[in-house]
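# Secondary and tertiary structure notes
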Amino acid sequence: MGELWRYVLFLLTVLLSNTIQVITGFAGAMLAMPVSIRLIGLEPARSILNIVTMASSVYVVFCRWRSIDIRELLKMLGLMGIGLVIGIWLLDILELDILLRGYGALIVLIALKKLFIRREFRLPKLLLYACLPAAGLIHGMFLSGGSFLIVYAVSALPDKERFRSTVSAVWVVLNSYLLFSHLQAGYFVPHVRNLLLVSCIPFLLAVWIGNRLVSKMSSKGFLFLTYVLLLASGLLVLL
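These notes cover the structure that comes with them. (Residues numbered from 1 in each chain as written. Predicted model: local features only at pLDDT ≥ 70, side-chain atom pairs only at ≥ 80, totals over all residues. Heavy atoms only, no water.)

## Section: the environment of N18
Within the element layout of this structure, N18 appears in helix α1 (residues 3-24). Each C-alpha atom, one on N18 and one on T53, is 6.7 Å from the other, the two residues being 35 residues apart in sequence. Not counting chain neighbours up to four residues away, the residues in contact with N18 comprise V52, T53, S56, F203 and A206. At 2.9 Å, the side chain of N18 and the backbone oxygen of V14 are in polar contact. (Helix = DSSP H or I, 4+ residues; strand = E, 2+ residues; numbered from the N terminus. Contact = heavy atoms within 4.5 Å. Polar contact = N/O pair within 3.5 Å; in protein donor to acceptor, adjacent residues only side chain to side chain.)

## Quick word on the packing of aromatic side chains
Taken as a whole and judged by the stated rule, the model has one aromatic pair. With 5.7 Å between their ring centres and 35° between their planes, Y129 and Y152 make a pair best called tilted. Taken together, the positions of Y129 in helix α6 (residues 125-142) and Y152 in helix α7 (residues 146-156) put the pair 23 residues apart, joining distant regions of the chain. (Phe/Tyr/Trp six-rings, centres within 6.5 Å; stacked < 30°, edge-to-face > 60°.)

## Quick look at the pattern of salt bridges
Any two side chains of opposite charge can pair if their charged atoms end up close together. Per the counting criterion, the structure on display carries three salt bridges. Notably, a salt bridge pairs E72 with K75, separated by 3.3 Å at the nearest N-O pair. Of the two residues, E72 and K75 both sit in helix α4 (residues 70-93), three residues apart, roughly one turn of that helix. For E72, a relative accessible area of 11% translates into the label buried. In this structure K75 comes out as partly exposed when scored by relative accessible area, which is 24%. (Salt bridge = Lys/Arg side-chain N within 4 Å of Asp/Glu carboxyl O. Buried < 20%, exposed > 50% of the residue type's maximum accessible area, 1.4 Å probe, protein only.)

## Notes on the side chain of S47
Looking at the secondary structure, you find S47 in helix α3 (residues 42-64). Take S47: its relative accessible area is 0%, and that puts it in the buried class. A distance of 2.9 Å separates a polar atom in the side chain of S47 from the backbone oxygen of E43. One polar contact links the side chain of S47 to the main-chain carbonyl oxygen of P44, over a distance of 3.0 Å. Apart from the residues within four sequence positions on either side, S47 is in contact with H182, Y187, F188 and V192.

## A short note on the side chain of H139
Following the sequence through the fold, H139 ends up in helix α6. Excluding anything up to four places from it in sequence, H139 contacts L84, S144, G145, W171, L174, N175 and L178.

Encoded structure:
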């Protein structure tokens, strides 16, 4: 595949994933990362998707800040922050291929569970809290801790608006920290900066589309499409 087509497909990935992010408050980076790693590489994918996903979350927080549950937000940030630091450390010391295989398998398992096992299991409180550092761990490595965070957030935040705004606020804070670490690591070389600027176009389009779909589309139908695409993304990493 030519380099131009890789960039075109990456921009389409930004459009699709951020449309989902605006509507649901999660799943954007988890959906985009597997494809983007194959298209443009791990470090450019992490640095660019971190910013555009954070921008999507900033938009939701700006519009719905009154709905944020501050107590739950602080709890999530504290426990996820521990996992985040460990995840960044593991990314530096473990072989990338091993991490990618494990990441791809995890994404496939999550998608299959969501598609074929609809029943939600009630977890003990201790396991629910354990999901938060696990979410931080995966987020620190691949910006994809949403699945573990959602397991906890569905139980702690049953109200749709509190859920969407609080989860978005989590991403704003954690992704800001990751942005600082990416700047220190020197990820933003000229071609990455240029691709980031171009990515603003599909990002803004995603915000516009997401706002129009959020009140019109069936949540069940939309989540079904999300999990199908998630399954395809995970399989792509394993190929």
